[in-house]
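Here is what each chain is made of, one letter per residue.
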Amino acid sequence: MEAGTHVAPPHRRDELAKIFQGWPTAVQNLIQALDPETTNRLEIADIDPLERLVRGRIALLGDSAHATTPTLGQGGCQAIEDAEVLTRYLHTTNISVPDALNRYEKARQDRTAELVLKARKRTSTIYGHEPSATQQWYQDLKQEPPETVINALAKVILAGPLG
Ligand SMILES: Cc1cc2nc3c(=O)[nH]c(=O)nc-3n(C[C@H](O)[C@H](O)[C@H](O)COP(=O)(O)OP(=O)(O)OC[C@H]3O[C@@H](n4cnc5c(N)ncnc54)[C@H](O)[C@@H]3O)c2cc1C
């Protein structure tokens, strides 16, 4: 969709029903169970990886540090990893808070930047910039055994600090 399209809350369930017309009954039931007045309708955006996550005694984490598109399902996961790593350095430092924050930044910057850019790359496939590529992606997904999806998720997690 074009940026800036607006659908008022009372019409959001109808819009979804129209978009997902022809999908299995479970999907239709889910849509009908929604309360359109409390259904968020969000534009998807990310930000370029930041040059710094830390200045002095101030650190960014979670979306404020690396807002990403939801195409890898990693935004919340990365916020949890940030919190774990930050806590670990703050607990173990005997130097200073800024030193712990700098270590946090070093540990997190490349990891989160890589995932933001990977998710961005996937966005054009998943959200129909090229309709044929999107169709092919959903077609492949239908055939994909569940273990392949789980293994791909596990690979992302195991490459991080909680792996
Ligand atoms: C459609 C969609 C699907 C997603 N799917 C996944 C997924 O499958 N897996 C996954 O891991 N992640 C997913 N995410 C991403 C995930 O939701 C976010 O990355 C995560 O919530 C970021 O956490 P956060 O704590 O950094 O920020 P937020 O969750 O945005 O929390 C920030 C909080 O700060 C509050 N706040 C803002 N300004 C102020 C202020 N001035 N004073 C006080 N409080 C303030 C806000 O109200 C909010 O509660 C998805 C996101 C979207 C939109």
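Since the structure is predicted, the reported quantities are computational estimates derived from the model, not experimental observations.

Caption draft 1: Structural detail: the site of the ligand. Every residue lining the ligand is accounted for by Leu 42, Gly 62, Asp 63, Pro 70, Gly 73, Gln 74, Gly 75, Gly 76, Cys 77 and Ala 79. If one sorts the elements of the shell around the ligand by residue count, helix H4 (residues 75-92) sits on top with four residues. A per-class count over the shell around the ligand returns four nonpolar, five polar and one charged.

Caption draft 2: Seen up close, the environment of Arg 57. Of note, Arg 57 is situated in the loop between strand E1 (54-55) and strand E2 (58-59). Classification of Arg 57 as exposed rests on a count of 10 C-beta atoms within 10 Å. For the pair Arg 57 and Asn 102, spaced 45 residues apart in sequence, the C-alpha separation works out to 9.4 Å. Excluding residues within four positions of it along the chain, Arg 57 makes contact with Val 97, Pro 98 and Leu 101.

How each quantity is defined
Residues numbered from 1 in each chain as written. Predicted model: local features only at pLDDT ≥ 70, side-chain atom pairs only at ≥ 80, totals over all residues. Near = placed C-beta within 6 Å. Helix = DSSP H or I, 4+ residues; strand = E, 2+ residues; numbered from the N terminus. Nonpolar A, V, L, I, M, F, W, Y, C, P; charged D, E, K, R; others polar. Buried ≥ 20, exposed ≤ 12 C-beta atoms within 10 Å, placed from the backbone. Contact = placed C-beta atoms within 7 Å.

These figures come from the coordinates and say nothing about function on their own.
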